[in-house]
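Each chain, written out:
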Number of protein chains: 2
Amino acid sequence: MKLKLITLALAGVALTGSAGKFTEYVNPFIGTGAVNGGLSGNNYPGATVPFGMIQLSPDTHNAPDWFNASGYNYNDSTIYGFSHTRLSGTGACDLIDILFFPSLTDRTSSPFSHAKENARPGYYSVKLDGEDILAELTSGRRAAMHRYTYPQGADAKLLVDMDHSAQKGSWDRKIINSQIRIVNDHTIEGYRVITGWAKMRRIYFVAEFNHPILNADLYDGNSSHKGTTTINGRQLKGWLDFGKLNSPLIAKVGISGVSYENARENLASEAKGFDFDAMASAADAAWDKELGKIEVEGGTPDEREIFYTALYHTMIQPNLFSDVNGEYVGADYAVKQLPKGEEQYTTFSLWDTYRAAHPLYTILNDEVTADFVNSMLRHYDDYGYLPIWHLWGQDNYCMIGNHAIPVVVDAVLKGVEGIDPQRALAAVVGSSENPHPGSPFDIYEELGYMPEDKQSQSVSITMEDSFDDWCVAQLAEKLGDKETAEKFYKRAGYYANLYNPETSFFQGRNSDGSWLEPFDPVKHGANGGYPYTEGNAWHYFWYVPQNVGALVEYCGGKKGMEKKLDTFFTLEQTSGHKNDNISGEIGQYAHGNEPSHHVAYLYNDCDAPAKAQDMIHRIKNEMYTTDHSGYAGNDDCGEMSSWYVFSAMGFYPVNPASGEYYIGTPTFDRCIIHLPDGKDFTIVANKEKKADAHRVKDVRLDNRKINDWKLSHSDLMKGGKLEFNLK
Amino acid sequence: MKLKLITLALAGVALTGSAGKFTEYVNPFIGTGAVNGGLSGNNYPGATVPFGMIQLSPDTHNAPDWFNASGYNYNDSTIYGFSHTRLSGTGACDLIDILFFPSLTDRTSSPFSHAKENARPGYYSVKLDGEDILAELTSGRRAAMHRYTYPQGADAKLLVDMDHSAQKGSWDRKIINSQIRIVNDHTIEGYRVITGWAKMRRIYFVAEFNHPILNADLYDGNSSHKGTTTINGRQLKGWLDFGKLNSPLIAKVGISGVSYENARENLASEAKGFDFDAMASAADAAWDKELGKIEVEGGTPDEREIFYTALYHTMIQPNLFSDVNGEYVGADYAVKQLPKGEEQYTTFSLWDTYRAAHPLYTILNDEVTADFVNSMLRHYDDYGYLPIWHLWGQDNYCMIGNHAIPVVVDAVLKGVEGIDPQRALAAVVGSSENPHPGSPFDIYEELGYMPEDKQSQSVSITMEDSFDDWCVAQLAEKLGDKETAEKFYKRAGYYANLYNPETSFFQGRNSDGSWLEPFDPVKHGANGGYPYTEGNAWHYFWYVPQNVGALVEYCGGKKGMEKKLDTFFTLEQTSGHKNDNISGEIGQYAHGNEPSHHVAYLYNDCDAPAKAQDMIHRIKNEMYTTDHSGYAGNDDCGEMSSWYVFSAMGFYPVNPASGEYYIGTPTFDRCIIHLPDGKDFTIVANKEKKADAHRVKDVRLDNRKINDWKLSHSDLMKGGKLEFNLK
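Remember, it's a predicted structure, so these values are computed and weren't measured experimentally.

All right, on to the overall build of chain A then. Within chain A one finds 18 helices and 38 strands. Rg of the C-alpha trace for chain A: 26 Å, near the compact-globule value of 27 Å for 727 residues, within the 12% margin. If one aligns the C-alpha atoms of chain A with their principal axes, the spans along those axes are about 80 × 60 × 50 Å. Among the 727 residues that make up chain A, the fraction classed as buried is 66%. Partitioning the intrachain contacts of chain A with sequence separation of at least 6 by distance along the chain shows that 69% fall at a separation of at least 24. When the accessible surface of chain A is split by element, carbon and sulfur atoms take 48% of a total near 22,700 Å². Here chain A contributes 66 positively and 95 negatively charged side chains, and the mean placements of these two sets differ by 3 Å.

Structure representation (structure tokens):
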């Protein structure tokens, strides 16, 4: 990134503010595009702040979809403008709202090159080569700024496009109605109502300019409503003319999911003047504060760049959803008022992020963790069960399980303040008892498993639901509700009902109890029509985090399990269709998708920690890069990044609601976690003098040797020192 | 209606409360279904209160559409249940929300017969013959009650259907998301988000029962989520079991367009207990109060039934749209808070209702008129121009012109209290200057007319816009804004630019000034693709209400105009496709559609008032009936009814913003209008002793003879006596 900065400076591209101590390590281009046709993280390079509402970034597709879900692909060479919202690292695309594009003519796109592009946390710039316009973006939490430097003496124009969105064909996406209005010669407003992956969204914006609008032409499709100050329709665009400018055009934009009024209030509270540099500096400072919660020393420059970029990617979602006045749109589409001091969040890609991202937040962001959990509990109140994939305040049911449950339970059991434990228990129990799409609990309780003839993806759902059940039981037990604990501990064992001793795999059964035949352990399922979800029987064999001992038994002991793990990490795909999400392969292991993520650590349970360390070391080195691919697969709202952050620190939450981490192997010589209460937890790696030292000779917590390869969350949060000797 | 009541009493069908002095004249079955394949009013027979939010009525179609837009057709013999919202008299269908159907089994419809059906204002009952269940409905403003009497000893069930709606295929209608939740054993709630004729609606309900729910099964399409207390999806139904009941099941329901919370508050404020009879009595009293504002004596029983049913039909819309706490959904889909004491209304079918319905409200309902107008002004604030057809708070752009303008201007000029004149002027000017769909004012002002090559329906739009322009000018002049008055008086004359002296018709022109050829004065247009809207050159010749003198001139004087009117009322259709909305024909005159409505009165302008009186008398007798057809065409939200109410009183607002009525011929011996301020205006008809006396020998206002066949609104509102001598 430093090199990039120098290159850009030479290229004459403006830079603003100074990169912070930690933000300077971040390379927002990581994960933004495949290298040589492989996969990338599906990240975006634009401007955002930690957990912010706005993601202001270039769109290199006019209608992004599955393979460019963030709106940007590093391999593209055209920019269509800068829109204010998007997802990071997802497979599916949505949001992509309110596009601005600066022009001198009626041009609506421009070629660009990476040589004249620059990004750091909270700031992005690019030279639009088509007409030599410098575009700079920065953002606050609910407001953002654009700064466009037009060529001297040229007539400055700005396209405001309310029709730009993710691909209209996907997810029944359609603009229901929209508006652009010219409020006065410095202000425009607009909104749209749009269907899509989030079933129905309203988004309002207000934009204020530092130069007067001399003329505005508004269009609905091809029909111009000349001279109108307000246009309503489904294909709205506006062209604003500012004439010849003696200084850059600055647009400050506030958004809201609730109303114009709230968008105005959001803007007013975050951007009083037109000081672009001040907003960029504030964004940098906000990021530096968050990133600086983990301070590393040693490692290679690439490792530091990967680490801090990963840490950055873990915090560009979940996203703030409530306005500065505490209003937000509930899961029932009604406007709600938050209790004072609380904030509502969305973008919970829970099937991914319950594994490592949310546990990471419990270490670094306890306040925001309470907001995340309370946001989920409010969703429960409105919707009848906790969210599965929470997008713009709504459930899109993407993936399986009910993995808000481990997030809620983990936070309560870790003692995160500001969450009502009884309310949490009611929500996790209700979400586990009320049948809902993908979760026919009536059938599950009757049979002791999900039968494939009644609920597809039945093995994966049974395995994952069993874990969720264990989480419910844990919380019930902790709160003294024995009956509930007993019921859910029983359900937590349902995975066993799908274990077939003859094959030593978990296999699909129908409701009559029969096994699904034929059985091929390497054949993948996708998202329906087969008992395994985005994986195969090999992947799902390892998913009993609540009782790894059972796996040891199934394998006939630790040696047997070690052997099965060895096979897992070496077995080639010999038959069956492979799922699209499988990438980053090591044998059957696929780091590009979440079901594999904890598996390397399971060597610890076979008394083979060195194999765990070797594999973790290999994955860190092979599956994470500083190039624009960045990741071996979708970053999935920071989950892939969270794996790295944990694994680089030297431990990982194999069971993400146990309050316990499996010890792996640290990347950096020294890593200090600055805990929320002011204490530090320091991880030290004393390495033998060889480049590749990663095998753990011994590991000590505050000078007491750790023998079980475990670190408890409570020990971590006390502060102290974890010292590795590596060979 | 009295006869009907007797029949029903004999049939053993329950009746509740006692009909009021005026409500007893109303027959809600008028206009509910064609007779012998003709047209009907498209009205509904169910329960509603004056200008209420709820229209609780039987649906005899499972997915009503164009030809049964109110959900009910008298010719049908099956009832699918009772839903809470609908339109009266429209061509297009929408709303039709939240269907309840009582059953003993899994039956979802029932045969019924009119012999066991009963309706009066605010009350409807029917025996569902399929399982011998008596269903009774009544309503308040924002809450309603159902009373279901199941056979003794039978297991009572109730279907709650959130998937029932107007035809899904029409207007891109689709349920975006919906919910049913069992709150406790006496309460359920639900909402849906649905697209359609109103682009996107949210509707929430809460229902409380007087008996406990013993079991609830919720379904999404065919998939049951057994045992769940909350279901979300797009095809939701719930079956509630109440077991054997010792008294009727009563459901009280509150609705809201904003939230569950507001639906609960609406319900609590209007229905404290489960006293169905009390709510029915209150509805009856509310109607009696409204209907009693006009008291008639004489006339035949049929004439009184037609008159009071027509008056009833004028007041079942516009519909209340704000909740009891003052919240409502704005045209920008955001939730708004009303100023204290104000209410928001919707269902403004303005192309129809600006002609006579709104003028009628200015006489009878000044308070609600202020709310109507302020509702439109708030729409202007949110949308940029006044509504064209205002449905569920949104503009569906149905029909042409901007006829909120005459409504707003008329109310201000008549001195209706509670409207800010300057705000009104800004709105009518803004709506006339901001180009918008159907109103490309940039082109209109450039050419002095709408050219057909750029804006279809150009003759009709030019004629109607010219009138709207005259209204703007009137208000501007009144408020001392001379410049605006001058501009709009000029535009008010644009109709003349389409007058072709060679044919003596208003004809379409292209933007190059050329006339559209070939020209056929009887050929109809529909809603695009031809210069005339739902009519032909004959219909639109008469549309210069702001300057009838010009028509006299075009006709070469009064005799020429009389002759042209004679031709109009006799000329047969000889060529060209006839528009579907043409019905109730007398020559070219078509009482079934609005453009004809004022034409009979124009004989007054030719010194041929006797011909006006003959024709008005004929139309009243031929086009209005007591059978279920009722009207010669769609009632169009009470416009067809308003024509009758005015014409039966003996005058009509040919120019609906002039404050002046044309005198026709009264129906009743005596008609007393009880004015809002307590004064009475009495119309007396002294008839010669013959059955058909309707020609006016003379007419006197407070004993002063009227020579110009005009009555001013201000004279009317002073109270006094209008006395006709009829021969």
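What follows picks up the thread again.
A few words on helix α2 (residues 260–270) of chain B. All names here are of chain B. Taken together, the buried positions of α2 are occupied by Y260, N262, A263, N266 and L267. Taken down its axis, α2 places every buried residue within 165° of arc, on the same side. Taken together, the buried residues of α2 touch β9 (143–149), β11 (174–184), β12 (187–195), β13 (201–209), β18 (249–256) and β21 (327–329).

Moving on to the packing of aromatic side chains. All names here are of chain B. By the definition in use, this model includes 112 aromatic pairs over all chains. Summarising the aromatic geometry, the rings of F51 and F372 are spaced 5.5 Å apart at their centres and angled 70° between planes, so their arrangement reads as edge-to-face. Of this pair, F51 sits in the loop between α1 (2–10) and β1 (57–59) while F372 is found in helix α7 (residues 366–383), placing the two residues 321 residues apart along the sequence. Taking the ring centre of W515 as reference, the NZ or CZ of R509 above it sits at 4.4 Å. Lying over the aromatic face of F541, K564 brings its terminal NZ or CZ to 3.8 Å of the ring centre.

Residues and elements named next belong to chain B. In spatial order, the strands read β6-β7-β8-β9-β18-β13-β12-β11-β16; together these 9 strands make up an open sheet with antiparallel pairing. On the outer flanks of this sheet lie β6 (117–120) and β16 (230–233), each paired with one strand and no other. Across the sheet, the mean angle from the axis of one strand to that of its neighbour is 15°, orientation sign disregarded. Two strands pair when backbone bridges link them, and β6 and strand β7 (residues 123–128) are joined in this way by 4 bridges, in the antiparallel orientation.

We now examine the relation of the copies chain A and chain B. When chain A is brought onto chain B, the operation consists of a screw motion whose angular component is 180° and whose axial shift is 0.0 Å, with 0.0 Å RMSD remaining. Each copy turns onto its partner about a two-fold axis. Every residue of chain A has its C-alpha some distance from the rotation axis, and the shortest such distance is that of V335(A), at 3.8 Å. Both copies contact each other with a shared surface, as 100% of the interface residues of chain A are interface residues in chain B too.

What follows concerns the environment of A115(B). All names here are of chain B. As for its position among the elements, A115 is in the loop between β5 (110–111) and β6. The exposure class assigned to A115 is partly exposed, which follows from its relative accessible area of 45%. The sequence separation of A115 and K127 amounts to 12 residues, and the corresponding C-alpha distance is 9.1 Å.

Counting residues at the interface gives 40 residues for chain A and 40 residues for chain B. When the two sides are added together, the surface that chain A and chain B hide from each other amounts to roughly 3,100 Å², 48% of it contributed by carbon and sulfur. Viewed at the interface, chain B and chain A are joined by 2 salt bridges. The shortest N-O distance in the salt bridge between D172(A) and K174(B) comes to 2.8 Å. Of all the elements in the fold, those that place two or more residues in the side of chain A that touches chain B are β11 (174–184), β12 (187–195), β13 (201–209), β16 (230–233) and α7 (366–383) of chain A. Broken down by class, the residue content of the side of chain A that touches chain B amounts to 16 nonpolar, 13 polar and 11 charged.

Residue and element names in this part refer to chain A. Along strand β7 (residues 123–128), 6 of the 6 residues are buried, which leaves the element largely enclosed by surrounding structure. Burial along β7 is two-sided: Y123, S125 and K127 facing one way and Y124, V126 and L128 facing the other are all buried. Once strand β6 (residues 117–120) ends, the chain turns through 2 residues before running back antiparallel as β7, passing G122 with a positive phi of about 85°. Pairing between β7 and strand β8 (residues 133–139): 6 bridges, direction antiparallel. Residue pairing in the sheet places V126 in a bridge with A135 of β8.

Taken as a whole and assessed by the stated rule, the structure comprises 94 salt bridges over all chains. Between E297(A) and R670(A) there is a salt bridge whose closest N-O contact spans 3.9 Å. Within this pair, whereas E297(A) is found in strand β19 (residues 294–297), its partner R670(A) is found in strand β33 (residues 670–674), the two being separated by 373 residues in sequence. Judged by relative accessible area, R670(A) falls into the partly exposed class, the value being 34%. Among the ionic pairs, K336(B) bridges to D332(B), the shortest N-O distance being 2.9 Å. A relative accessible area of 1% places D332(B) in the buried class. A network of salt bridges, in which partner residues are shared, links E433(A), E445(A), D469(A), K487(A) and R491(A).

Quick look at the nonpolar core now. Within the largest apolar cluster, 209 residues are counted, with the highest numbers of intra-cluster contacts made by F307(A), M649(A) and L722(A). A total of 10 residues in this core trace back to one element, the largest contributor, which is helix α11 (residues 458–478) of chain A. What L722(A) contacts, discounting residues up to four positions off in sequence, is F651(A), I663(A), F681(A), T682(A), I683(A), V684(A), V699(A), R700(A), L701(A), I706(A) and L711(A). Membership of the second largest hydrophobic core comes to 207 residues, among which are V160(B), A357(B), V409(B) and I683(B).

This part covers helix α11 (residues 458–478) of chain B. All names here are of chain B. Helix length check: α11, at 21 residues, gives a terminal C-alpha distance of 30 Å against a target of 30 Å (1.5 Å per residue), a fit within 8%. Across the 21 residues of α11, 18 count as buried, placing the element largely inside the fold. G480 occupies a position one or two residues after α11 and carries a positive phi of about 80°.

The next subject is unusual backbone geometry. Look at the link from E517(A) to P518(A): it is a cis peptide, with omega at -10°. Take P518(A): it is sitting in the loop between β28 (505–506) and α13 (537–541). Between Q317(B) and P318(B) the backbone carries a cis peptide bond, its omega angle lying at -10°. Within the secondary structure, P318(B) sits in the loop between α4 (301–314) and β20 (319–320). Positive phi is not limited to glycine here, since D172(A) has a value of about 60°. Locating D172(A) in the fold gives a position in the loop between β10 (155–161) and β11. Phi at D702(B) is positive, roughly 45°, even though this residue is not glycine.

Moving on to the packing of α4(B) against helix α17 (residues 639–649) of chain B. All names here are of chain B. Orientation of α4 relative to α17, taken along the N-to-C sense of each, is 130°, at an axis distance of 8 Å. Judged by the inter-axis angle, α4 sits oblique to α17. Every pair of crossing elements has a handedness; the one defined by α4 and α17 is left-handed. Residue-level contacts link E303, I306, F307, A310, L311, H313 and T314 of α4 to S641, S642, Y644, V645, A648 and M649 of α17. Classifying every residue of the contact of α4 with α17 gives 8 nonpolar, 4 polar and 1 charged.

About the criteria used
Residues numbered from 1 in each chain as written. Chains lettered and ligands numbered in written order. Predicted model: local features only at pLDDT ≥ 70, side-chain atom pairs only at ≥ 80, totals over all residues. Heavy atoms only, no water. Helix = DSSP H or I, 4+ residues; strand = E, 2+ residues; numbered from the N terminus. Rg over C-alpha atoms; globule rule 2.2 N^0.38 Å. Buried < 20%, exposed > 50% of the residue type's maximum accessible area, 1.4 Å probe, protein only. Contact = heavy atoms within 4.5 Å. Areas by Shrake-Rupley, 256 points an atom, 1.4 Å probe, with all protein chains shown as cover. Lys, Arg positive; Asp, Glu negative; His and termini not counted. Charge placed at Lys NZ, Arg CZ, Asp CG, Glu CD. Arc of directions from axis to C-beta. Phe/Tyr/Trp six-rings, centres within 6.5 Å; stacked < 30°, edge-to-face > 60°. Lys NZ or Arg CZ within 6 Å of the ring centre and 35° of its normal. Pairing = 2+ DSSP bridges. Axes fitted to C-alpha atoms, helices over the stretch in contact; angles between N-to-C directions. Least-squares fit on C-alpha atoms with pLDDT ≥ 70 in both. Buried area = accessible area lost by both parts, 1.4 Å probe. Salt bridge = Lys/Arg side-chain N within 4 Å of Asp/Glu carboxyl O. Nonpolar A, V, L, I, M, F, W, Y, C, P; charged D, E, K, R; others polar. Core = buried A, V, L, I, M, F, W, Y, C linked by side-chain atoms within 4.5 Å. Expected span 1.5 Å × (residues − 1). Parallel < 35°, antiparallel > 145°, perpendicular 65-115°, else oblique. Left-handed = near helix turned anticlockwise from the far one by under 90°.

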